[in-house]
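# Examination of the molecular architecture
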Amino acid sequence: MTQQSYIRLWLERSERFQLEVELALNTQGITAVFGESGCGKTTLLRCIAGLDKAVGKVNINGNTWQDEGVCLAPYQRSIGYVFQQANLFPHLTVKGNLNYARTRAKKKIAQEQVDHLIDLTDIRPLLNASAAELSGGEAQRVAIVRALMTEPDILLMDEPLASLDSTRKDSILDYLNRLKRALSIPVLYVTHSLEEVSRIAGDVILMEKGRVVQHGAVTNVFSSLTTDKLLGKDASVILEGRITDIEHAWQLADLQFDGGTLKINSLCLEQGQFARARILAKDISVSLSYHSDSSFLNQLQAQIQDMSDDGSQGYVTLKLKVGDSFLLAHITRYSCQRLNLQIGQRVWANIKTVAII
Amino acid sequence: MLDSSDLSAIWLTIKLAFLVTLILLVIGTPIAWWLARTSSRLRGVVAAVVALPLVLPPTVLGFYLLVAFGPQGTLGQLTQTLGLGTLPFTFWGLVVASVIYSLPFVVQPLQNAMESIQEESLEAAATLGASPLDRFFTVVIPLSKVGYTTAAVLGFAHTIGEFGVVLMIGGNIPGETQLISVKIYEHVEALNYAQAHTLSIGMLLFSFVVLLLVYSQMNGKQMNRKKMNRKPSSRNKGAL
């Protein structure tokens, strides 16, 4: 049985940097820890692992790793840790690296589970190779499997894709998505890439200056105005849904989400599959009426739930409610005044591009 | 060619070198590891003490060891209380002196190798459940393999080649403290140039082969994995 995990940590490294975090983690699924570099994401992970020392409490899956008077060393904690660099032991083979973890595990991992992980990540052909010979992508796949060999209570991943090129990143993200389903432990995934968050995370922790600003489901966190302010031009929402219809003649598919349907490019999509779409706030415009004479494929009826204008940017952010989902739209302050937009008003959201992720 | 006293000097020298190398690898390991990882203020002091034999005239070192281990010296009184007698002019006196004299030749290659081990490798091992001692034996030592080979070879070769310290503390007792280098000196004093020549050419060839092995191994490894190794420090080269 996996139990909820609780983390409360405090660390003062200098006058400029303080970490102050309190978290309750889901029993499973990937939680992305997202924020700019220097916001304390990596430090948080290292403190959970015990690699850095902070004051507070760490309780993972019912086991207390740190509390008043208790502080386990990293090797006594049941963690899987994937670093930015694979950090494989160059004097061992791939198999040797996996066995290094396996023989030291407190819980014995079943051979079937080992085989399953090896096959999921396609590292079987590499098993007898020396760890020093692997490419970056291969090494990182091995590092991920190695971290799981100890049957950890939590998997901590610190920007595992940061040192890889984009094709490699893509393939590892696919592997992670496959692994996600095979894992019954919480995963904390540190990244500063929005794309990685939207591709693999169920939940997201948004950090700024050592503090947690937002924590919740990806769809909720990204549609909040706080997040919008933090991300600026990169602000976007994520919609989840199923592909309900594919019109092959037009190469279009319907993505049905909570509150409506989006028409999207049908490339690589299958009927009935689960899909996630990301829509940038700057790709949404707003009109007061439905435009039947426009090329916009997606015009959704929406209600203005909230709006914010911090005056520094030249645009106004609208939070739009579409059924049970939310969209963010960046429009110019000029347009906002000309259309006399008010909270509560009904408008049409015109969506220029939808990226399927 | 070689008479029985020559052979006994060769045998004694090899025995001494083996023993000293073994002892040095054991005590050099923790010293090198500490020097490689500590941020203590004492680091500089310890590093300087370890390196002293590199710059000190061997006679100075031998002189102080002789005084310290002599019947009136502090260490000499200690060894006498322990029932070990006095060390000067015995084989074990040579062992102790050689260990001190060859210490930097073992510690420095080990330290270089250990400094080049990335902290992340050790952290990875820790997250995989390896305790500090476990990490040391399964990560640090295997990754310092080149350092160990170099250290062993240099320690061995340097012990074989010493003269000043040996003469000061060991004297010239056949079968007990008479080493090759001292024997050569004795031959020369007795104008036995032919015998001095035989031993000397042997030493020359031995030293060259040893260095050839060390440097060709270093170059090979450097080309294979540049990260894993550092060049031998210039101090080492200078002292050779």
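Residues numbered from 1 in each chain as written. Chains lettered and ligands numbered in written order. Predicted model: local features only at pLDDT ≥ 70, side-chain atom pairs only at ≥ 80, totals over all residues. Heavy atoms only, no water.

Counted only if it meets this: UniProt positions are given in the numbering used here, feature names are shortened, and annotations may be inferred rather than shown by experiment.
As recorded in an unreviewed UniProt entry, chain B goes by Molybdenum transport system permease and comes from Marinomonas balearica. As its UniProt record puts it under Function (unreviewed entry), chain B is described as follows: "Part of the binding-protein-dependent transport system for molybdenum; probably responsible for the translocation of the substrate across the membrane." We quote the UniProt Sequence similarities (unreviewed entry) comment for chain B here in full: "Belongs to the binding-protein-dependent transport system permease family. CysTW subfamily."

As annotated in an unreviewed UniProt entry, chain A is Molybdate transport system ATP-binding protein from Marinomonas balearica.

### Quick notes on the UniProt feature "transmembrane region" (unreviewed entry) in chain B
Residue and element names in this part refer to chain B. Quick note on the threshold: Numbered from the N terminus, helices here are DSSP runs of H or I no shorter than four residues, and strands are runs of E no shorter than two.
Feature annotation in UniProt places "transmembrane region" (unreviewed entry) on residues 12-33, 45-69, 89-107, 151-173 and 193-215, given in this structure's numbering. Taken end to end, residues 45-69 has its terminal C-alpha atoms 23 Å apart, with 92% of it in helix and 0% in strand. As a span, residues 193-215 carries 100% helix and 0% strand, and end to end its C-alpha atoms are 32 Å apart.

### Things to note about the nonpolar core
As a rule of thumb, nonpolar side chains are buried together in soluble globular proteins. Cut-off, in case you're wondering: We call a set of buried Ala, Val, Leu, Ile, Met, Phe, Trp, Tyr and Cys residues a nonpolar core when their side-chain atoms join them within 4.5 Å. Throughout, exposure labels follow a simple rule: accessible area from a 1.4 Å probe, protein chains only, divided by the maximum for the residue type, with under 20% read as buried, over 50% as exposed, and the rest as partly exposed. Residue contacts follow a heavy-atom distance rule, with two residues in contact if any of their heavy atoms lie within 4.5 Å.
Among the nonpolar cores identified, the biggest contains 127 residues, and L155, L262, L318, L320, L327 and L341 of chain A are the most heavily contacted of them. The element contributing the most residues to this core is helix 5 (residues 91-115) of chain B, with 11 residues. Among residues more than four places away in sequence, those in contact with L327 of chain A are V237, L239, I279, I284, L300, L318, K319, L320, V322, A349 and I351 of chain A.

### A closer look at the sheet that holds strand 18 (residues 315-322) of chain A
Residues and elements named next belong to chain A. Heads up, the condition is: When DSSP finds two or more bridges between two strands, those strands count as paired. With axes taken as lines fitted to C-alpha atoms, and helix axes fitted only over the stretch in contact, angles between N-to-C directions fall between 0 and 180 degrees.
The five strands are arranged 16-20-17-18-19 in an open sheet whose pairing can be described as antiparallel. The open sheet is flanked by strand 16 (284-287) and strand 19 (325-332), the only strands paired with a single partner. With strand direction ignored, the average angle separating the axes of adjacent strands in the sheet is 45 degrees. Where strand 17 (residues 298-308) meets strand 18, five bridges bridge the pair, whose relative direction is antiparallel. By the bridge assignment for strand 18, I304 is matched with L320.

### Describing the packing of helix 1 (residues 4-37) of chain B against helix 8 (residues 145-161) of chain B
All names here are of chain B. To keep it simple, the criterion reads: Each angle is binned into one of four classes, with values under 35 degrees roughly parallel, values over 145 roughly antiparallel, values of 65 to 115 roughly perpendicular, and all other values oblique. By definition, turning the near helix anticlockwise from the far helix through less than a right angle yields a left-handed crossing, and turning it clockwise yields a right-handed one.
As a packed pair, helix 1 and helix 8 sit with axes 8 Å apart at the nearest point and diverge in direction by 140 degrees. What the angle tells us is that helix 1 and helix 8 run oblique. Considering how the two elements wind past one another, helix 1 and helix 8 form a crossing that is right-handed. Where helix 1 abuts helix 8, its residues T13, I14, L16, A17, F18, V20, T21, L25 and T29 lie against Y148, A151, A152, G155, F156, T159 and I160.

### What to know about the environment of Y6 of chain A
Residue and element names in this part refer to chain A. Filter applied, for reference: As used in this structure description, the phrase polar contact means that two N or O atoms lie within 3.5 Å; if the pair is within protein, one of them must be able to donate a hydrogen and the other to accept it, and residues adjacent in sequence are counted only when both atoms belong to side chains.
Within the element layout of this structure, Y6 appears in strand 1 (residues 5-12). We classify Y6 as partly exposed; its relative accessible area is 25%. Sequence separation between Y6 and C39 is 33 residues; the distance between their C-alpha atoms is 20 Å. Not counting chain neighbours up to four residues away, the residues in contact with Y6 comprise E22, L23, K57, V58 and N59. In terms of polar contacts, Y6 uses its side chain to reach the side chain of E22, at 2.5 Å.

### So, the UniProt feature "domain: Mop" (unreviewed entry) in chain A
Within this structure's numbering, the places UniProt gives as "domain: Mop" (unreviewed entry) are residues 293-357 of chain A. In residues 293-357 of chain A, the share of helix is 9% and the share of strand is 54%. The end C-alpha atoms are 29 Å apart.

### Focus: the pattern of salt bridges
Applied cut-off: Each reported salt bridge corresponds to a side-chain nitrogen of Lys or Arg within 4 Å of a carboxyl oxygen of Asp or Glu.
Summed over all chains, the structure comprises 20 salt bridges over all chains. With its nearest N and O atoms 2.6 Å apart, the salt bridge here joins E123 of chain B to R46 of chain A. Of this pair, E123 of chain B sits in helix 6 (residues 119-127) while R46 of chain A sits in helix 1 (residues 41-49), each in a different chain. Exposure remark for E123 of chain B: the relative accessible area of 12% places this residue in the buried category. You can call R46 of chain A buried: its relative accessible area is 17%. Note that D254 of chain A is salt-bridged to K263 of chain A, the shortest N-O span being 2.8 Å. Judged by relative accessible area, D254 of chain A falls into the buried class, the value being 12%. The structure contains a network of salt bridges with shared partners spanning R13, R46 and D52 of chain A together with E123 of chain B.

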